[in-house]
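Residue-level structure breakdown
Here's the letter readout for the chains.
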Amino acid sequence: KLQLISTIQKREASRKEKIESRDILNNATNALFQKVKELKEDRDKHNKTVKILKSKRSSISEQVSQMKSDNAAGNGIKELEKEALAVHRQVRQTASESQKAHQQMLTHVREARAKREMADALHKEIIGLGNEIKEIRRRIKEISIMIKDLKKEIAAANRSMEPSLDEAIAKIMNGEQD
């Protein structure tokens, strides 16, 4: 009976630890989801910047083409080509930053999923332990009832045997045999 109580206490302590672990995992998961949200916002900002820069590049390219077709001065075309090249570099840099932010977001999403799966597994284990504890308590109750009933039977048997023992002792003292 003491072992069963000790076992229940150990399992309840283990259950509490797992609940605390799940809370920690939930907090970490929520923080990761927040970071993913921030990274998505950054990616959206980068995408807008890329669109703007692409639009500028397109506009500059059109101007260069127009100047070439109009036989504009060579210096004006060179300046526009330099500006187009600078815009192109900026577009490439922004695209690279956007790609890095996207990779970070994917990493955080994978981490969040893994932690969520771990938290779900711990939760299932906690539920299983709770069910085991209920079953152990039910068995303890059954055993306690059985012990109580056995004690009653033993007491009744002892009371019914007392006169028989007295008679047997008297027979032995008198030298009688069965």
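What comes next is a walk through the structure. Along each chain, the written sequence defines residue order, and numbers are assigned to residues from 1. Reporting in this predicted model follows two pLDDT cut-offs: at least 70 for local features of residues, and 80 or more for side-chain atom pairs to be given and counted; totals over whole chains, interfaces and linings ignore these cut-offs and use all residues. With hydrogens and water stripped out, all remaining heavy atoms of the structure feed into the side-chain values.

Right, let's talk about the overall build of the protein for a bit. Secondary structure follows DSSP: runs of H or I at least 4 residues long count as helices, runs of E at least 2 residues long count as strands, and numbering of each begins at the N terminus. Of the regular secondary structure elements, the protein holds two helices and zero strands. Expressed as a percentage of its 178 residues, the buried residues of the protein come to 18%. Accessibility throughout is a Shrake-Rupley quantity obtained with a 1.4 Å probe, and a residue counts as covered only by protein chains that appear here. Element-wise, carbon and sulfur atoms account for 53% of the exposed surface of the protein, whose accessible area totals about 13,800 Å². Buried means the residue's accessible area, taken with a 1.4 Å probe over protein chains only, is under 20% of the maximum for its type, while exposed means over 50%, and partly exposed covers the values in between.

As a further point, take the nonpolar core. If you look at the biggest cluster of nonpolar residues, it comprises seven residues: Leu-53, Ile-60, Val-64, Leu-80, Ala-84, Val-87 and Val-91. Looking at this core, the elements that each hand over two or more residues are α1 (2–69) and α2 (74–174). Take the buried residues of types Ala, Val, Leu, Ile, Met, Phe, Trp, Tyr and Cys, join any two whose side-chain atoms come within 4.5 Å, and each joined set is a nonpolar core.

Turning our attention to the side chain of Thr-94. Summarising the element assignment, Thr-94 is placed in helix α2. With a relative accessible area of 8%, Thr-94 lands in the buried category. Beyond its immediate stretch of four places on either side in the chain, Thr-94 contacts His-46, Thr-49, Val-50 and Leu-53. When checking whether two residues touch, look at their non-hydrogen atoms; a contact exists if any pair is within 4.5 Å.

All right, on to the pattern of salt bridges then. Salt bridges are defined by distance alone: a side-chain nitrogen of Lys or Arg within 4 Å of a carboxyl oxygen of Asp or Glu. Taken as a whole and judged by the stated rule, the model has seven salt bridges. A salt bridge links Arg-22 to Asp-120; the shortest N-O distance between them is 4.0 Å. Placement of the pair is Arg-22 in helix α1 and Asp-120 in helix α2, with a sequence separation of 98 residues. For Arg-22, a relative accessible area of 18% gives the class buried. Using a relative accessible area of 35% as the deciding quantity, one classes Asp-120 as partly exposed. For Glu-142, the salt bridge goes to Arg-138, with nearest N and O atoms at 2.1 Å. On the criterion of helical spacing, the pair formed by Glu-142 and Arg-138 is a turn pair, its members being four residues apart in helix α2. Classification of Glu-142 by relative accessible area gives partly exposed; the value is 40%.

Now for the environment of Ile-8. Among the structural elements, Ile-8 can be located in helix α1. A relative accessible area of 9% means that Ile-8 is categorised as buried. Measuring from C-alpha to C-alpha, the distance between Ile-8 and Ile-136 comes to 7.7 Å, with 128 residues separating the pair along the chain. In this structure, Ile-8 is in contact with Ile-133, Ile-136, Arg-137 and Ile-140, ignoring residues within four places of it in sequence.

This paragraph deals with the side chain of Thr-29. By the element assignment, Thr-29 lies in helix α1. Setting aside chain neighbours within four positions, we find Thr-29 in contact with Ala-112, Lys-115 and Arg-116.

For the rest of this paragraph, the subject is the environment of Glu-17. Inspection of the secondary structure puts Glu-17 in helix α1. Residue Glu-17 is classed as exposed on the basis of its relative accessible area of 53%.

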